Amino acid sequence: MNPTTTMPPEPKSSSRYTILDRETPRLRTLLGRWESLLAMLFIVVFVANSIALPHFLDLYNLLDGTQNFSEKALIALPMALLIICREIDISVAGTLALSSVAMGLAKGAGFPAESLPLVALATGTACGFLNGVLVTRFALPSIVVTIGTVSLYRGLASVVLGDKAFTGYPQLMADWGQGYFFGIVPREFVVLLVCAALFAVLLHTTSWGRRIYAIGNNPEAARFSGIAVDRYRLALFMLTGAMASLAAFLLTGRIGSTRPNIATGWELEVITMVILGGVSIAGGAGTIAGVMLAVLTMGTVTYGLSLANIPGIYMTIVVGVLLLVTIALPKLLRMRRARGA
Amino acid sequence: MNILKQREPLLAAMVVLLVVAVGLREPAFLSAGSLANLVTDSTLLVMLALTQMLVIVTRGVDLSVASNLALSGMVAAMLGAHVPGLPLPLIVLAAVAVGLALGLINGWLIGYLELPPIVVTLGTMSVYRGAVFVLSGGAWVSAHQMPASFVAFPLDRLLGLPHLVWIAAATLALMAWIARSTRFGRDLYAIGNAPQCAGYIGIPSRKRLLGTYALSGAVAGLCGYLWVARYAVAYTEIAYGFEFTVIAACVIGGVSIGGGVGTVLGATLGALFLTVIGNALPVLQVSPFWQSALTGLVILVAVLINARGAGRRSRQILPLHGTDAQPKRSAA
């Protein structure tokens, strides 16, 4: 362009510049959103399953299938907040095991059934508190701290349990772990939906939630703009511990026992759910809706595979490929576009 | 006093102290046979920790090592079981090749597609582990199916030391050379310290990352064969969760998860330290159930020690008022 030309004609609005509060909604931007892609993936998986599998669309089966992922998804919710905040918690499965053991011990000591969830909650929150203190007070990377604490928590659980198992939990726990509302909706699923709604409101409509994004985008800037960054981190670690203990309560109730290998490998499945849900591992981006869609998609795939009598370990391949493809595809497409231009 | 500020001498002293302390309680622990066992037991962890160290130095992490090990080990075991006449070097080569190929996949996704390492290796970890099941159909390959030479090789002795120790020593020497004296190795530190600057000064980051994960994969493949042969059994769950032990060894050895910092000696000592703890527990008649809890504690303590002084906070622009300047320590 010729540098001597005068300024380009001004826009028609009365002020010199207009900055829109938000993007103008366009179909393309809407379709390009991660959540829309996930929703389409979910629909595709769902439709494919209902065509391929004769008993897939049975309402009772379908609702029962939600029990496979409800507990993991409960942990995925706070994990999403943590990852948005640029932290991670590998120790959730260890926390879950320890909370379950604590309930077993409390039951053995004659605590009433109603107090068991509180025991679990206290244990989980304490585990999260330890993680949070180590991360915030000593400025340690959370991945290292929680790799350490996962050994610690699971180790303590196995020290208490030895090669035994706690069984004989009160009916109250079975009611929550295996029970139904209105005879068909599993209570665990309802708990998950309620929690998801709470988390969505917290993250997307409150200033508390906005600050989590701010911290994830730039922790130093967030600190200088007056956010008590470490207090938020500590709170999120405690929240994650608490949610893991809630999952422990439901899981222990569902399977009716505490074994040393309870929930092994869950940390990676939970993190996979969160990342598949479009939460950026670099922090600062992600939504609860995305996480829930990822949870539902993974749940549908698992449920379909189990109906088709395919061993569960194939699921790990499917999930792994799903994760790789969903993160690699946008990159590949962008690279091709850049090369074409 | 300067020597005490360095990590490696401190860690070496801790390893020796731990060995001596256990030896005082249970003199059998200090016998030559027991110490040789200790070294043999540590070899696989040492080899994996060394390559993991290089990966972490580039600000990455390879969570798929244990799955890679299981898959290459299963390939080696099945080759040994189903193709009886196959010479051992070919089997080992096959295991290394499988590991290398899996590592190249990681490296391509991380280097060329610029995807976050933790996510990529999380994904490939599931895929590789699942592939072990697909390949074997969930069946075990046990000792009587494997050729005798296949099983015997790791513990056969050369000049009085098991092959395992020689292989680990060779790996150690190779990694030390790569990390200290090659352009490849130095580039990794540059990439980890400042990824963007590395690009500006002409370091081919993509190629280097590909190479690093390929190396990590190849060593995992070699360890796959050694693991299967040493324990004379191959099944889907082999080395399940071992990736965390490997990363823990690195962390104890002072490798910074933030990239750019780490030494071959540190990673080796970290792996030795974890092995000593693992071997000391049965000798001290501590229940093996304590192992995981103690390992966790050791990791946390090591990280806390490593972080001394490194915990720089954000720069203070304005002085804080009065008593706020030194926040009181509470509830640590």
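Values in this document were obtained by computation on a predicted structure and should not be read as measured data. (Residues numbered from 1 in each chain as written. Chains lettered and ligands numbered in written order. Predicted model: local features only at pLDDT ≥ 70, side-chain atom pairs only at ≥ 80, totals over all residues. Heavy atoms only, no water.)

Considering the overall build of chain B
No. 1: Counting its secondary structure elements, chain B contains 14 helices and 4 strands.
No. 2: If you line up chain B on its principal axes, its C-alpha atoms span 80 × 55 × 35 Å.
No. 3: A buried classification covers 51% of the 332 residues belonging to chain B.
No. 4: At a minimum sequence separation of 6, the contacts of chain B that also span at least 24 residues come to 78%.
No. 5: A total accessible area of about 15,200 Å² is found for chain B, and carbon and sulfur atoms account for 66% of it.
No. 6: Charge centroids of chain B, computed over 19 positive and 10 negative side chains, lie 12 Å from each other. (Helix = DSSP H or I, 4+ residues; strand = E, 2+ residues; numbered from the N terminus. Buried < 20%, exposed > 50% of the residue type's maximum accessible area, 1.4 Å probe, protein only. Contact = heavy atoms within 4.5 Å. Areas by Shrake-Rupley, 256 points an atom, 1.4 Å probe, with all protein chains shown as cover. Lys, Arg positive; Asp, Glu negative; His and termini not counted. Charge placed at Lys NZ, Arg CZ, Asp CG, Glu CD.)

Structural notes on the interface of chain A and chain B
No. 1: Every contact between the two is made by 52 residues of chain A and, on the other side, 48 residues of chain B.
No. 2: Across the chain A to chain B interface the summed buried area is about 4,200 Å²; carbon plus sulfur atoms make up 79%.
No. 3: Scanning the region where chain A abuts chain B turns up 0 salt bridges.
No. 4: Taken together, the connections running from chain A to chain B amount to 3 residue pairs in polar contact (both at pLDDT 80 or more).
No. 5: Looking at the side of chain A that touches chain B, the elements with two or more residues in it are helix 6 (116-137), helix 7 (142-161), helix 11 (219-224), helix 13 (266-276) and helix 15 (312-340) of chain A.
No. 6: Among the residues making up the side of chain A that touches chain B, the classes are represented as 32 nonpolar, 12 polar and 8 charged. (Buried area = accessible area lost by both parts, 1.4 Å probe. Salt bridge = Lys/Arg side-chain N within 4 Å of Asp/Glu carboxyl O. Polar contact = N/O pair within 3.5 Å; in protein donor to acceptor, adjacent residues only side chain to side chain. Nonpolar A, V, L, I, M, F, W, Y, C, P; charged D, E, K, R; others polar.)

Focus on the packing of helix 13 of chain A against helix 14 (residues 288-307) of chain A
Residue and element names in this part refer to chain A.
No. 1: Two numbers describe how helix 13 lies on helix 14: the axes approach to 7 Å, and their chain directions differ by 120 degrees. One way to sum up the angle between helix 13 and helix 14 is to call them oblique. Two packed elements cross with a definite hand, and for helix 13 against helix 14 that hand is right-handed. Taken together, the residues of helix 14 that come into contact with helix 13 (itself represented by Glu269, Met273, Val274 and Leu276) are Val291, Ala294, Val295 and Met298.
No. 2: Grouping the amino acids of the contact of helix 13 with helix 14 by side-chain chemistry returns 7 nonpolar, no polar and 1 charged. (Axes fitted to C-alpha atoms, helices over the stretch in contact; angles between N-to-C directions. Parallel < 35°, antiparallel > 145°, perpendicular 65-115°, else oblique. Left-handed = near helix turned anticlockwise from the far one by under 90°.)

A closer look at the pattern of salt bridges
Opposite charge on two side chains permits pairing when their charged atoms draw close.
No. 1: Counted according to the given criterion, the structure contains 8 salt bridges over all chains.
No. 2: Of the charged contacts, one joins glutamate 87 of chain A and arginine 233 of chain A as a salt bridge, the two residues approaching to 3.0 Å between their closest N and O atoms. In this pair, glutamate 87 of chain A sits in the loop between helix 4 (67-84) and helix 5 (92-108) while arginine 233 of chain A sits in helix 12 (residues 229-255), placing the two residues 146 residues apart along the sequence. Across this residue pair, the class does not change: glutamate 87 of chain A and arginine 233 of chain A are buried.
No. 3: Arginine 206 of chain B is the salt-bridge partner of glutamate 114 of chain B, the closest N and O atoms lying 3.2 Å from each other. Highlighted residues: glutamate 114 of chain B in the loop between helix 5 (88-112) and helix 6 (117-136) and arginine 206 of chain B in helix 11 (residues 205-231), separated in sequence by 92 residues.
No. 4: Taking the relative accessible area as the measure of exposure, arginine 206 of chain B reaches 38% and is therefore partly exposed.
No. 5: One network of salt bridges, with partners in common, ties together Glu71, Glu188 and Arg254 of chain A.

Considerations on the packing of aromatic side chains
No. 1: This model, assessed by the stated rule, comprises 12 aromatic pairs over all chains.
No. 2: Judged by centre distance (5.1 Å) and plane angle (80 degrees), the ring pair of tryptophan 227 of chain B and phenylalanine 242 of chain B falls under edge-to-face. In this pair, tryptophan 227 of chain B is assigned in helix 11 and phenylalanine 242 of chain B in helix 12 (residues 242-252), connecting sequence segments 15 residues apart. Each member of the pair tryptophan 227 of chain B and phenylalanine 242 of chain B is classed as buried.
No. 3: Through a chain of ring-to-ring contacts, three or more aromatic side chains come together here, namely Phe42, Phe46, Phe56 and Tyr303 of chain A.
No. 4: The aromatic ring of tyrosine 169 of chain A is capped on one face by lysine 107 of chain A, whose charged end is 5.1 Å from the ring centroid.
No. 5: The ring of tryptophan 176 of chain A has arginine 187 of chain A lying over it, and the distance from NZ or CZ to the ring centre is 4.8 Å. (Phe/Tyr/Trp six-rings, centres within 6.5 Å; stacked < 30°, edge-to-face > 60°. Lys NZ or Arg CZ within 6 Å of the ring centre and 35° of its normal.)

Regarding the nonpolar core
No. 1: Counting residues in hydrophobic clusters, the biggest one holds 192 residues, and the most contacted among them are Leu96 of chain A together with Met53, Phe150 and Tyr225 of chain B.
No. 2: With 13 residues, the single largest contributor to this core is helix 3 (residues 32-57) of chain B.
No. 3: Sequence-distant contacts of phenylalanine 150 of chain B, that is, excluding residues within four places in its chain, are made with Ala76, Ala77, Leu88, Ile91, Tyr225, Val228 and Ala229 of chain B. (Core = buried A, V, L, I, M, F, W, Y, C linked by side-chain atoms within 4.5 Å.)

Comments concerning empty space enclosed by the protein
Residues and elements named next belong to chain B.
No. 1: What the rule picks out here adds up to 1 cavity of 30 Å³ or more.
No. 2: Approximately 80 Å³ is the volume attributed to the largest cavity.
No. 3: Every residue lining the largest cavity is listed: Arg7, Leu10, Leu11, Met14, Ile252, Ala302, Ile305 and Asn306.
No. 4: When contributions to the lining of the largest cavity are tallied by element, the ones reaching two or more residues are helix 2 (7-25) and helix 14 (290-307).
No. 5: Of the residues forming the lining of the largest cavity, the biggest block, 4 residues, is contributed by helix 2.
No. 6: Looking at the lining of the largest cavity residue by residue, the classes come out as 6 nonpolar, 1 polar and 1 charged. (1 Å grid on protein atoms, 1.4 Å probe; cavity = no way out; pocket = protein on both sides within 12 Å on 5 of 7 lines; lining within 4 Å. Points joined across faces, edges and corners; volume = space filled by probe spheres on them.)

So, the packing of helix 9 (residues 187-205) of chain A against helix 12 of chain A
Residue and element names in this part refer to chain A.
No. 1: At their nearest, the axes of helix 9 and helix 12 sit 12 Å apart, and the two run at 170 degrees to each other. Classified by the angle between their axes, helix 9 and helix 12 sit roughly antiparallel to one another. Here Glu188, Val191, Cys195 and Phe199 of helix 9 lie close against helix 12, whose contacting residues are Leu239, Met243, Leu246, Leu250, Leu251 and Arg254.
No. 2: Residues that form the contact of helix 9 with helix 12 fall into these classes: 8 nonpolar, no polar and 2 charged.

Observations concerning the confidence of the model for chain B
Detailed reading of the predicted coordinates is not advisable wherever pLDDT falls low.
All names here are of chain B.
No. 1: When pLDDT is averaged along chain B, the result is 85; 91% of the residues meet or exceed 70.
No. 2: Overall, residues 311-315 carries pLDDT values under 50, and its contacts beyond four positions in sequence, including any with other chains, amount to 9 contacts.
No. 3: Across the interface, the model reports ipTM at 0.79; the global pTM reads 0.84. (pLDDT = per-residue confidence, 0-100.)

Overview of helix 5 of chain A
Residue and element names in this part refer to chain A.
No. 1: Its 17 residues place the ends of helix 5 24 Å apart at the C-alpha level, agreeing with the 24 Å of an ideal helix rising 1.5 Å per residue.
No. 2: The buried fraction of helix 5 amounts to 14 of the 17 residues, a majority that puts the element mostly inside the structure.
No. 3: Among the residues trailing helix 5, glycine 110 stands out with phi positive, at a value near 85 degrees. (Expected span 1.5 Å × (residues − 1).)

Points about unusual backbone geometry
No. 1: A positive phi angle, close to 60 degrees, is found at asparagine 309 of chain A, a residue other than glycine.
No. 2: Even without glycine at this site, alanine 232 of chain B takes up a positive phi of about 55 degrees.
No. 3: Among the structural elements, alanine 232 of chain B can be located in the loop between helix 11 and strand 4 (233-234).

Some remarks on the side chain of threonine 258 of chain A
All names here are of chain A.
No. 1: Relative to the assigned elements, threonine 258 resides in strand 4 (residues 257-258).
No. 2: Of the residues examined, threonine 258 reaches a relative accessible area of 0% and is grouped as buried.
No. 3: Beyond its immediate sequence surroundings of up to four residues, threonine 258 is in contact with Ser100, Val101, Leu161, Ala165, Phe166, Tyr169 and Thr252.

Things to note about the state of the cysteines
Residue and element names in this part refer to chain A.
No. 1: One pass over the full model with this rule turns up 0 disulfides over all chains.
No. 2: You can see cysteine 127 has no disulfide; the closest cysteine sulfur is in cysteine 195, sitting 19 Å from it.
No. 3: Judged by relative accessible area, cysteine 127 falls into the buried class, the value being 5%. (Disulfide = S-S within 2.5 Å.)

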